[in-house]
Amino acid sequence: MKSVLRTAAGGPEVLRLVERPVPEPGPGEVRVRVHLSGLNPTDWRSRRRALPPGMSEQVPHQDGAGVIDAVGPHVDSERVGQRVWIWEAAWERPWGTAQQYTLVPDRQAVFLPDHAPFALGAALGIPALTAHRALTVHDGGPACLAPGALRGATVLVAGGAGAVGNAAVQLARWAGARVVTTVSGPAKAALARAAGAHEVVNYRTQDPVAEVLAFAPEGVDIVVEVAPGANAALDLAVAAPGAVVAYYSGGEDEQLSVPVLSSLPANLRWQSVFIYTVPSAAKEQALTDVAAAVDAGALRVGEEAGLPLHRYPLERVADAHAALEQGVVGKVLLDVP
């Protein structure tokens, strides 16, 4: 089978396309014939770091979609032939999705209904699970998402044209929230509106505090934050009493500084979200709810859904990594032959 490997840290050039034997699933594992491999910023960032302890080589990429073609002991044989989406395939494991066949624990291959394209399946994983966690850490708010779960809540999504931002807008709308998002230009504003945001603020040409408060005079309840250091002042200015700022990303040297006395009266909370290590119960709930949203048609991909797709053949994996690292807007996918 064709497989992408890296044996060292570095730029896209460390990724090599090689031929390897098709692996056999072990106990509790399924083998997935991968159709699409999804890239995330954590993929290029981890590529620049040393391999996990005990590994001499690794296949990259956490997310993907395909069809189960074999199962190991202790796995229901009826899973063979199921369309699935994959999450955290390469987290502390050597088997990512950048190859024709990959192995994952049974629970990490989630049923994908026939009406959902593989492109959607490969775009779920990290973005959708991260967005779910950010939307369910509000004190007094729901621990799960479903229609009506966020009714009455107002959500601010920073960077609504990004992959996590797009998932957060769609999931928040599905759950009944009012959604406002910030973007850096007209093209991204169009994408955020396509995702379903009620209000879109261009922070470069508008006063974001004034615009957000015009939309939500009593403040926002949940902030899904991609740049906490840069946006701390905005988040403080628009947060409702008891709000949470759930941040999931930031620059390498980004620092978060919060004025203590001015933020105390509102009982604000700053919550980090690192999807790989969230509590297991929260992860299980996210999997259940995201699967339900997919089944309901509430999660979509493509430019018409605010998430343009950029597809590369497997042999151009280095180009795909370079595009993502350079900030291409949308979802980068690898077509696996």
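Structure: see above.
Residues numbered from 1 in each chain as written. Predicted model: local features only at pLDDT ≥ 70, side-chain atom pairs only at ≥ 80, totals over all residues. Heavy atoms only, no water.

Notes on the overall build of the protein chain
So, step 1. Within the protein chain one finds ten helices and 15 strands.
So, step 2. Relative to the compact-globule value of 20 Å for 337 residues, the protein chain shows a C-alpha radius of gyration of 20 Å, a close match.
So, step 3. With the C-alpha coordinates of the protein chain rotated into their principal frame, the extents come out at 60 × 40 × 35 Å.
So, step 4. Classification of the 337 residues of the protein chain by burial places 56% in the buried group.
So, step 5. In the protein chain, of all internal contacts separated by at least 6 residues, the share reaching a separation of at least 24 is 70%.
So, step 6. By element, 53% of the accessible surface of the protein chain is carried by carbon and sulfur atoms, the whole surface being about 13700 Å².
So, step 7. Once the 27 positive and 34 negative side-chain charges of the protein chain are each reduced to a mean point, those two points are 3 Å apart. (Helix = DSSP H or I, 4+ residues; strand = E, 2+ residues; numbered from the N terminus. Rg over C-alpha atoms; globule rule 2.2 N^0.38 Å. Buried < 20%, exposed > 50% of the residue type's maximum accessible area, 1.4 Å probe, protein only. Contact = heavy atoms within 4.5 Å. Areas by Shrake-Rupley, 256 points an atom, 1.4 Å probe, with all protein chains shown as cover. Lys, Arg positive; Asp, Glu negative; His and termini not counted. Charge placed at Lys NZ, Arg CZ, Asp CG, Glu CD.)

Quick notes on the packing of helix α3 (residues 125-135) against helix α4 (residues 163-174)
So, step 1. Running from N to C, α3 and α4 cross one another at 55°; their axes reach a closest spacing of 8 Å. Taken together, the axes of α3 and α4 lie oblique to each other. The hand of the α3/α4 crossing is right-handed. Contact residues: Pro127, Ala128, Thr130, Ala131, His132 and Leu135 in α3; Ala163, Val164, Ala167, Ala168, Leu171 and Ala172 in α4.
So, step 2. Across the contact of α3 with α4, the residue classes tally to ten nonpolar, two polar and no charged. (Axes fitted to C-alpha atoms, helices over the stretch in contact; angles between N-to-C directions. Parallel < 35°, antiparallel > 145°, perpendicular 65-115°, else oblique. Left-handed = near helix turned anticlockwise from the far one by under 90°. Nonpolar A, V, L, I, M, F, W, Y, C, P; charged D, E, K, R; others polar.)

Topic: empty space enclosed by the protein
So, step 1. Overall, the coordinates contain one cavity of 30 Å³ or more when judged by the stated rule.
So, step 2. For the lining of the largest cavity, the leading source of residues is α4, giving four residues. (1 Å grid on protein atoms, 1.4 Å probe; cavity = no way out; pocket = protein on both sides within 12 Å on 5 of 7 lines; lining within 4 Å. Points joined across faces, edges and corners; volume = space filled by probe spheres on them.)

Quick notes on α4
So, step 1. Given a rise of 1.5 Å per residue, twelve residues ought to cover 16 Å, and the 17 Å separating the end C-alpha atoms of α4 matches this to within 8%.
So, step 2. Across the twelve residues of α4, ten count as buried, placing the element largely inside the fold.
So, step 3. Those residues of α4 lying buried are Val164, Gly165, Asn166, Ala167, Ala168, Val169, Gln170, Leu171, Ala172 and Trp174.
So, step 4. In this structure, the buried residues of α4 make contact with α3, β8 (154-158), β9 (178-183), α5 (186-195), β11 (220-225) and α9 (280-295).
So, step 5. Once α4 finishes, Gly176 follows within two positions and takes phi at roughly 95°, a positive value. (Expected span 1.5 Å × (residues − 1).)

Examining the sheet that holds strand β12 (residues 239-247)
So, step 1. Strand order in this open sheet of six strands is β10-β9-β8-β11-β12-β13, and the pairing throughout is parallel. What marks the edges here is a single partner per strand, and that holds for β10 (199-202) and β13 (269-272). Averaged over all pairs of adjacent strands, the angle between strand axes in this sheet comes to 20°, irrespective of strand direction.
So, step 2. Examined bridge by bridge, β8 and β11 share three bridges and lie parallel to one another. From the neighbouring strand, Val155 faces β11, where its bridge partner is Ile222.
So, step 3. Packed on one face of the sheet, α3 meets β8, β11, β12 and β13 and runs near 150° to β11.
So, step 4. In this fold helix α7 (residues 228-238) packs onto β8, β9, β11, β12 and β13, with an angle of close to 160° to the strand it touches most, β12. (Pairing = 2+ DSSP bridges.)

Comments concerning unusual backbone geometry
So, step 1. Backbone geometry at Glu88 places phi at a positive 50°, although glycine is not the residue there.
So, step 2. Structurally, Glu88 is set in the loop between β5 (83-86) and β6 (101-105).
So, step 3. Residue classification places Glu88 among the buried positions, given a relative accessible area of 7%.
So, step 4. One non-glycine residue with positive phi stands out, namely Asn267, at about 55°.

Quick word on the pairing of strand β15 (residues 331-335)
So, step 1. A large share of β15 lies buried, amounting to four of its five residues.
So, step 2. Here strand β3 (residues 29-38) runs beside β15; their pairing, made up of three bridges, is antiparallel. The partner of Gly38 across the bridge, within β15, is Leu333.
So, step 3. A crossover connection joins strand β14 (residues 309-313) to the parallel β15 through helix α10 (residues 317-325); in handedness this β-α-β unit is right-handed. (Right-handed = clockwise from strand over helix to strand, strands pointing away.)

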